[in-house]
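Report on the structure
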Amino acid sequence: MTTPSRLPEPYGPSSGANLADILERVLDKGIVIAGDIRINLLDIELLTVKLRLIVASVDKAKEMGIDWWESDPALSSRARRDELARENAELRERLARLEELEQGTGRTGRTARKEAP
């Protein structure tokens, strides 16, 4: 006589956790998957690929100190505005320096037009 297994069927209707519960747990706690792939030929390393994957909610990621998406202009409108403001200030500064140089030379570097009699 065999005793029934206490483990739930992986995909059966009697399974206690559904996909939403699992996803909620993963996002709440976070999960890290790491791996390295190395290709060597005669003890000479030709290629190394390091894979790091973190799956977590935004709040959990911020808790861990991960917030790179906030400073990426492709992902954040605030970062995009900040980058445009910085670029605008830099261009205004360059323009001011050019105008100062032009005023300092007294426009003598340009040739004067002669009027016809």
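In short, a report on the structure. It should be emphasised that the depicted structure is a prediction, and the values quoted were computed from it without experimental measurement.

Rules used in this analysis
Residues numbered from 1 in each chain as written. Predicted model: local features only at pLDDT ≥ 70, side-chain atom pairs only at ≥ 80, totals over all residues. Heavy atoms only, no water. Helix = DSSP H or I, 4+ residues; strand = E, 2+ residues; numbered from the N terminus. Expected span 1.5 Å × (residues − 1). Polar contact = N/O pair within 3.5 Å; in protein donor to acceptor, adjacent residues only side chain to side chain. Buried < 20%, exposed > 50% of the residue type's maximum accessible area, 1.4 Å probe, protein only. Pairing = 2+ DSSP bridges. Salt bridge = Lys/Arg side-chain N within 4 Å of Asp/Glu carboxyl O. Patch = residues over 30% accessible without salt bridge, like charges linked within 9 Å, V, L, I, M, F, W, Y side chains within 5 Å. Areas by Shrake-Rupley, 256 points an atom, 1.4 Å probe, with all protein chains shown as cover.

Structural notes on helix α3 (residues 77–105)
Between its first and last C-alpha, α3 extends 42 Å over 29 residues, near the 42 Å set by a 1.5 Å rise per residue. Two or three places before Arg78, at the start of α3, stands the capping residue Ser76, its side-chain oxygen 3.4 Å from that residue's backbone nitrogen.

Some words on helix α1 (residues 19–29)
Capping of α1 at its N-terminal end is provided by Asn18; its side-chain oxygen lies 3.2 Å from the backbone amide nitrogen of Ala20. Positive backbone phi, approximately 90°, marks Gly30, located one or two places after α1.

Some remarks on unusual backbone geometry
The phi torsion at Leu42 lies on the positive side, around 50°, for a residue other than glycine. Examined against the element boundaries, Leu42 turns out to sit in the loop between β1 (31–41) and β2 (44–55). Phi is positive for Asp43, close to 60°, though the residue is something other than glycine. Relative accessible area serves as the criterion here: at 81%, Asp43 is assigned to the exposed category.

Focus: the pairing of β2
Pairing of β1 with β2, which is carried by eleven bridges, proceeds in the antiparallel orientation. Across the sheet, residue Ile39 finds its bridge partner in β2, namely Leu47. Connecting β1 to the next strand, β2, in antiparallel fashion are two residues, including Leu42 with a positive phi near 50°.

A word on the pattern of salt bridges
Enumeration according to the criterion identifies five salt bridges in this entry. Taking the shortest distance from any N to any O, the salt bridge between Arg52 and Asp36 comes out at 3.0 Å. You can see Arg52 sitting in strand β2 and its partner Asp36 sitting in strand β1, a full 16 residues away along the chain. With a closest N to O distance of 3.3 Å, Lys60 and Glu63 form a salt bridge.

A few points about a nonpolar patch on the surface
Together, Ile37, Ile39, Leu41, Leu42, Ile44, Leu46, Leu47, Val49 and Leu51 make up an exposed nonpolar region whose accessible area comes to about 860 Å². Elements supplying a minimum of two residues to the nonpolar patch: β1 and β2. For the nonpolar patch, the element with the most residues is β2, which contributes five residues. Residue position: Ile39 is located in strand β1.

Any functional reading would require information that these geometric values do not contain.
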